[in-house]
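Descriptive structure summary
Spelled out, the chains give:
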Amino acid sequence: MNFKKTLVAVAAVATFSSAASAEKLSVAATPVPHAEILEFVKPALAEQGVELEVKVFTDYIQPNVQVDQKGMDANFFQHQPYLDEFNSERGTELVTVAGIHVEPFGAYSNRIGSLDDLEEGAVIAIPNDPTNGGRALLLLQDAGLITLKDESKITATPRDIADNPKDLDFKELEAATLPRILGQVDVALINTNYALEAGLNPSEDALVIEGSKSPYVNILVARPDNKDSEAMQKLAAALQSDAVKEFIMEKYEGAVVPAF
C-alpha cells in the first residue's frame with residue numbers, strides 16, 4: 001500500500017466533504033464599505049463551515065425586497081430608521097441581527113469651501129427617501145442653516161422647515177445619484193457609502209459631517225425565520241470581531257466608525 005497516496009486521498013475526501021457540507025449564506029450589500037467588509041470576513045466564515053455569497057446592489061430598495069421574498073438570506077446596507085420606515089411602508093417584517101458600524105453623513109460641494117459661503121437661493125440636494133432626507137435636514141439644522149418645525153423629526157422633509165433664512169432651494173433626489181450631480185448643485189448631502197464610491201474622503205472633503213455618536217448604525221438584517229440560524233449568528237459574530245474593527249479603522253480612516 002502506498003501510504004502517502006492514501007493520505008492524499010483521505011485529505012481530498014475530507015476537503016470535498018467539508019465543502020459539500022458548508023452552509024451557504026447569501027447577503028445583499030451596497031459596494032462600499034458593506035461588501036468590502038463582508039469580503040473581509042469570508043475566509044473566517046469558511047473556516048467555520050459557512051460559505052458566504054455577497055451580491056452587490058446599488059440601490060436601497062432591492063436588498064430589502066430580496067430578503068423579504070427569500071431571494072437572499074440577509075442584507076447589510078442600512079440603518080435602523082431606514083429599516084423601520086421600509087417595514088412600515090411595505091408591510092414587511094425584516095429584523096435587525098447586529099449593529100456593525102456608523103457612516104457619518106456629510107455635506108459636500110464643488111463650488112464652495114464652507115457652508116458660510118452659501119448664497120441666498122443656493123440649491124441643496126438631499127436624498128429623497130424619508131429617513132435619509134430627514135437625516136440631511138437635521139444635519140443642516142445642526143449647522144445653523146435651517147430650523148425644523150419639529151427639531152428632532154428624523155423623517156422631516158423640506159415641507160417641515162419652519163425657518164430658512166437663506167431661502168435655500170431643496171432638491172430631493174435618489175441617494176445613489178447625488179455624487180453624480182455634485183457639480184450641478186451648490187451642496188449635496190451624501191450617504192458615506194456613496195461618497196466613498198465616488199472617491200470622496202468624508203473626513204477631509206465634507207463641509208460638515210455627523211459626529212461619531214450618530215444614531216444611524218448600519219445593521220445586518222434578516223427575516224424572523226432565519227435571524228437566529230447558526231450561520232447567521234456566525235456572520236454576526238464575525239462582523240463584530242476585533243479583526244473587523246481593526247479593518248474598518250485602518251481602511252476607512254474615520255469615514256466609517258465601528259459601532260461595537
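Attention here is on the structure that accompanies the text. (Residues numbered from 1 in each chain as written. Predicted model: local features only at pLDDT ≥ 70, side-chain atom pairs only at ≥ 80, totals over all residues. Heavy atoms only, no water.)

This next bit is on the packing of aromatic side chains. If you walk through the whole model with that rule in mind, you get seven aromatic pairs. Relative to Y82, the ring of F77 lies with its centre 6.1 Å away and its plane at 75 degrees, an arrangement referred to as edge-to-face. Taken as a pair, F77 and Y82 share a single burial class, namely buried. Chaining the aromatic ring pairs together yields one cluster made of Y60, F77, Y82, F86 and Y194. (Phe/Tyr/Trp six-rings, centres within 6.5 Å; stacked < 30°, edge-to-face > 60°. Buried < 20%, exposed > 50% of the residue type's maximum accessible area, 1.4 Å probe, protein only.)

Moving on to the pattern of salt bridges. What the rule picks out here adds up to eight salt bridges. A salt bridge links K153 to D160; the nearest nitrogen and oxygen atoms lie 3.5 Å apart. Across the pair D169 and K171 runs a salt bridge, and its minimum N-O distance is 3.4 Å. (Salt bridge = Lys/Arg side-chain N within 4 Å of Asp/Glu carboxyl O.)

Strand direction decides the pairing type here: strand β1 (residues 23-29) and strand β2 (residues 50-56), joined by seven bridges, are parallel. For V27, the partnering residue across the bridge sits in β2 and is V54. Between β1 and its parallel partner β2, the chain crosses via helix α2 (residues 31-47), and the hand of that crossover is right-handed. (Pairing = 2+ DSSP bridges. Helix = DSSP H or I, 4+ residues; strand = E, 2+ residues; numbered from the N terminus. Right-handed = clockwise from strand over helix to strand, strands pointing away.)

Okay, the sheet that holds strand β6 (residues 123-127) next. Across the sheet, which stays open at both edges, the five strands sit in the order β9-β6-β10-β5-β11 with mixed pairing between neighbours. Whereas interior strands pair on both sides, the edge strands pair on one side only; in this sheet they are β9 (169-173) and β11 (208-209). Relative to strand β10 (residues 187-190), strand β5 (residues 106-108) runs antiparallel, the two sharing three bridges. Bridging across to β10, A107 finds its partner in L189.

Judged by nonpolar contacts, the single largest core of 31 residues is most densely connected at L38, L52, L235 and Y252. When contributions to this core are tallied by element, the ones reaching two or more residues are β1, α2, β2, β3 (74-79), β4 (95-102), β12 (217-222), α8 (230-239) and α9 (242-252). Each residue touching L235, except ones within four places of it in the same chain, is listed here: L25, V27, L38, V41, L45, L52 and L220. I112, A136, A156 and I161 belong to the second largest nonpolar core, which has 24 residues in total. (Core = buried A, V, L, I, M, F, W, Y, C linked by side-chain atoms within 4.5 Å. Contact = heavy atoms within 4.5 Å.)

Once that is clear, we can look at the side chain of Q141. Take Q141: it is sitting in helix α5 (residues 130-142). With near-sequence residues (within four places) excluded, Q141 lies in contact with I146, T147, L148 and E151.

Further remarks concern the side chain of D186. Position of D186 among the secondary structure elements: in the loop between β9 and β10. Engagement of the side chain of D186 in a polar contact is seen with the side chain of R111, the distance being 3.4 Å. In contact with D186, other than residues within four places in its own chain, are Y108, S109, R111, I112, L118, A122 and V123. (Polar contact = N/O pair within 3.5 Å; in protein donor to acceptor, adjacent residues only side chain to side chain.)

A few words now on empty space enclosed by the protein. Rolled over the atoms, a probe sized like a water molecule indicates the empty space that remains. In total, this model carries one cavity of 30 Å³ or more according to the counting rule given. For the largest cavity, the calculated volume is near 90 Å³. What lines the largest cavity is a set of 13 residues, among which Y60, F77, H79, N191 and N218 lie closest to the centre. Those elements that place two or more of their residues in the lining of the largest cavity are β3, α5 and α6 (192-197). The element best represented in the lining of the largest cavity is β3, accounting for three residues. Within the lining of the largest cavity, the residues separate by chemical class into three nonpolar, eight polar and two charged. (1 Å grid on protein atoms, 1.4 Å probe; cavity = no way out; pocket = protein on both sides within 12 Å on 5 of 7 lines; lining within 4 Å. Points joined across faces, edges and corners; volume = space filled by probe spheres on them. Nonpolar A, V, L, I, M, F, W, Y, C, P; charged D, E, K, R; others polar.)

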